[in-house]
Amino acid sequence: MVRASRDMLEISTSTSASSSSSSPERAAYDDDTDFFTAQRNDSESSIGVSSLRDITMSPAQEREHRISPISRLPPELLIGVFTKLSSSADLRSCMLVSKTWSRNSVDLLWHRPLCNTWQNLQSVTKSIQTADGYYSYNALVKRLNLSNLNEQINDGTVKPFQLCKRIERLTLTGCIKLADGGVCSLIYGSKSLLALDITGLDAVTDHTLKAVSENCGRLQGLNITDCSKVTDDSLVAVAESCHFLKRLKLNNCSLVTDDSIMAVAHHCPYMLEIDLHNCRQVTNISITNLISRGRQLRELRVGHCGLLTDSAFLDLPKNLAFDSLRILDLTACHQLHDEAVEKIIESSPRLRNLVLAKCKEITDRSVLAITKLGKNLHYIHLGHCAQITDGAVVQLVKMCNRIRYIDLACCQRLTDASVKQLATLPKLRRIGLVKCQSITDRSILALAKANAEQRQKPMVASLLERVHLSYCVNLTLQGIHALLNQCPKLTHLSLTGVQAFYLREDLINYCREAPPEFTEHQRHVFCVFSGDGVNKLRAYLNEIGPEIAYDTEGTMYDDREGDDMDTDQHLPGLMHATGINDDDDDMDEVDGGDGSQYELEGEG
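Residues numbered from 1 in each chain as written. Predicted model: local features only at pLDDT ≥ 70, side-chain atom pairs only at ≥ 80, totals over all residues. Heavy atoms only, no water.

**Regarding the overall build of the protein**
For the protein, the count of helices and strands is 23 helices and 15 strands. For the protein, the residues scored as buried account for 51% of the 604 residues in total. Sequence separation of at least 24 residues holds for 78% of the intrachain contacts in the protein that already meet a minimum separation of 6. Looking at the protein as shown, the accessible area adds up to about 26900 Å², and 49% of this sits on carbon and sulfur atoms. (Helix = DSSP H or I, 4+ residues; strand = E, 2+ residues; numbered from the N terminus. Buried < 20%, exposed > 50% of the residue type's maximum accessible area, 1.4 Å probe, protein only. Contact = heavy atoms within 4.5 Å. Areas by Shrake-Rupley, 256 points an atom, 1.4 Å probe, with all protein chains shown as cover.)

What follows is the structure, given as structure tokens:
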């Protein structure tokens, strides 16, 4: 191929400006959308080539365009076609068709170069270092993600990318061999950087974040999860320089104190999401200020911030509603009481996801306050809130009938009455009842019956996807069999510690493998079905015997027995023999602990 002349390179630079997002107008559009089609007419487009309709063509050009009608398309439409191609190989083929196609597809191919293998990475770095190439490839790179090669990336590996000064999103998650020198080399001069993710880079210190504060004034997202050496000094500098910051994740940054959070509250008025999980030095005053000043705040996670007390919320301004707040995670904030929860609900009436797991001081009073959220509530986690009773759960279901996910793990006062009411939720997808020892097959048959009744309605199918029942030791095969047959979308069923399952070799054949770090006893009682294992279990149970009736009226229980009878005396001793208590995880999940995997729903 004949090399392009310098004037061609200038034309390509002008044309490729269509995918640039360094201009203020670009910020209004998502990077993955066809932002260039949003202009009102061609004259307002950022593309510097005139429409072919306005060009006076020679006879030779006319003949060329007769042969290739698609060449009559203006660049905006041509690029719009190319954006529909999902394969990098297809885009590369487009570049080889003609100069016109090449100029209008090169941006799409290079704005996010594929670096998922070492070979691809070497090819990319070779191209961006080529001084006399057809295009200035280093100026086309807008997104750089090296997380797929995290164990191979070091300071020397990223050196070639110093030439890429127009990067907007930089993802270095898990590149543990990177230190300040390597990260800073990518940050210096990167005035266009909008998002930086250096999760897990434990060698990174304040030096990197000070470089961010000095070079990245347009930064909107920063994730420094597990960067344990970062202190308030650099975070305050970032907050004071990056006023457009919207998303901040400081998980497990143990040196962070109120000084950083106060700086964010005062200097970052556009903050939407902030995650302070396990920032154990954060106290009431910074959280109060953060909420009070963050009128646009949508997500706040302060799990395991053990110094927080009721004052963090009781001191919020009176008669002031925070309507934007949708997600609030207060996991293991042990010092919170009912008064704080009532204030939270009063101040944030549109909460969608609320996590109060391991807030052991809250009672039915908090649950009754939560009922005021009504149809807004989609996700509620009350695991280990052991003081909650059936009455509060029944009222919650009646008032908040759009709940999709509810976790009541270790709420041992709950009985079948609660689960029967939960079974009436029409949108329920996930339910966690781990270690709710008082529930019986009545509960499971109620879930199955409710789903069977829903399926009788036209265009309605069971939505239940994940059910956590580990250590519900009174369950039998009958209820689970009915549940499997009435919930076709079920993809996860945890029954760890349920003797009716883990003692049967023919059933555990369909379980997934126990995590390698489990003890011998944990492996013995482990019983979790997921993915295709659920389908195989259903098929096997249907093969060995007919479906068991799921009519709860007098089939295997004496209805004269109370629903809330004390079942502790009937337990086979499993819970006590294993030394399990409310503070332990049930270990039926690799990442879920008590069976309550947090997958918070974002904005719908």
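**Quick word on the packing of helix H8 (residues 206–215) against helix H9 (residues 232–241)**
With their axes 8 Å apart at the nearest point, H8 and H9 run at an angle of 10 degrees to one another. Here H8 is positioned roughly parallel relative to H9, judged by the angle of their axes. Across the interface between the two elements, Asp-206, Leu-209, Lys-210 and Ser-213 from H8 touch Asp-233, Ser-234, Leu-235, Ala-237, Val-238 and Ser-241 from H9. Its residues assigned to classes, the contact of H8 with H9 comprises four nonpolar, three polar and three charged. (Axes fitted to C-alpha atoms, helices over the stretch in contact; angles between N-to-C directions. Parallel < 35°, antiparallel > 145°, perpendicular 65-115°, else oblique. Nonpolar A, V, L, I, M, F, W, Y, C, P; charged D, E, K, R; others polar.)

**With respect to the pattern of salt bridges**
Evaluation of the coordinates by the stated rule reveals ten salt bridges. The shortest N-O distance in the salt bridge between Asp-202 and Lys-229 comes to 3.3 Å. Of this pair, Asp-202 sits in the loop between strand E3 (195–197) and H8 while Lys-229 sits in the loop between strand E4 (221–223) and H9, and the two are 27 residues apart along the sequence. Since its relative accessible area comes to 35%, Asp-202 is described here as partly exposed. (Salt bridge = Lys/Arg side-chain N within 4 Å of Asp/Glu carboxyl O.)

**Quick word on the packing of aromatic side chains**
Taken as a whole, this structure holds eight aromatic pairs when the rule is applied. Ring geometry for Trp-110 and Tyr-137: centres 4.6 Å apart, planes at 35 degrees, overall tilted. Residue Trp-110 is found in helix H5 (residues 99–110), and its partner Tyr-137 is found in the loop between helix H6 (118–128) and strand E1 (143–145); the two are separated by 27 residues along the sequence. For Tyr-137, a relative accessible area of 13% gives the class buried. Relative to Phe-529, the ring of Phe-501 lies with its centre 6.3 Å away and its plane at 70 degrees, an arrangement referred to as edge-to-face. Linking Phe-501 in helix H19 (residues 499–502) with Phe-529 in strand E15 (residues 528–530), this pair joins segments that are 28 residues apart in sequence. Phe-529 matches Phe-501 in its accessibility class, with the two residues each being buried. (Phe/Tyr/Trp six-rings, centres within 6.5 Å; stacked < 30°, edge-to-face > 60°.)

**Regarding the confidence of the model for the protein**
Across the protein, the average pLDDT comes to 82, with 77% of residues at or above 70. Note on residues 547–604: pLDDT under 50 across the span, and 140 contacts to partners over four residues away in sequence or across chains. (pLDDT = per-residue confidence, 0-100.)

**Some points on the side chain of Ser-366**
Inspection of the secondary structure assignment puts Ser-366 in helix H14 (residues 364–370). Polar side-chain contacts of Ser-366 include one of 2.4 Å to the side chain of Asp-338. (Polar contact = N/O pair within 3.5 Å; in protein donor to acceptor, adjacent residues only side chain to side chain.)

**Side note on the environment of Thr-288**
Turning to its location among the elements, Thr-288 is positioned in helix H11 (residues 284–293). The exposure class of Thr-288 is buried, given its relative accessible area of 10%. When the C-alpha positions of Thr-288 and Ser-311 are compared, they lie 8.3 Å apart, and in sequence the two are 23 residues distant.

**Remarks on the state of the cysteines**
Counted according to the given criterion, the structure contains zero disulfides. Free cysteine Cys-184: the closest other cysteine sulfur is in Cys-216, separated by 9.9 Å. Among the residues examined, Cys-184 registers a relative accessible area of 2% and is labelled buried. Sulfur of Cys-436: no disulfide; nearest cysteine sulfur belongs to Cys-472 and is 5.8 Å away. (Disulfide = S-S within 2.5 Å.)

**A word on the packing of helix H4 (residues 88–95) against H5**
Close contact between H4 and H5 brings their axes to 8 Å; oriented N to C, the two are set at 155 degrees. When the axes of H4 and H5 are compared, the pair comes out roughly antiparallel. Pair H4 / H5 crosses with left-handed handedness. Across from Ser-88, Leu-91, Arg-92, Cys-94 and Met-95 in H4, the residues of H5 making contact are Trp-101, Ser-102, Ser-105, Val-106, Leu-108 and Leu-109. For the contact of H4 with H5, the per-class residue count stands at seven nonpolar, three polar and one charged. (Left-handed = near helix turned anticlockwise from the far one by under 90°.)

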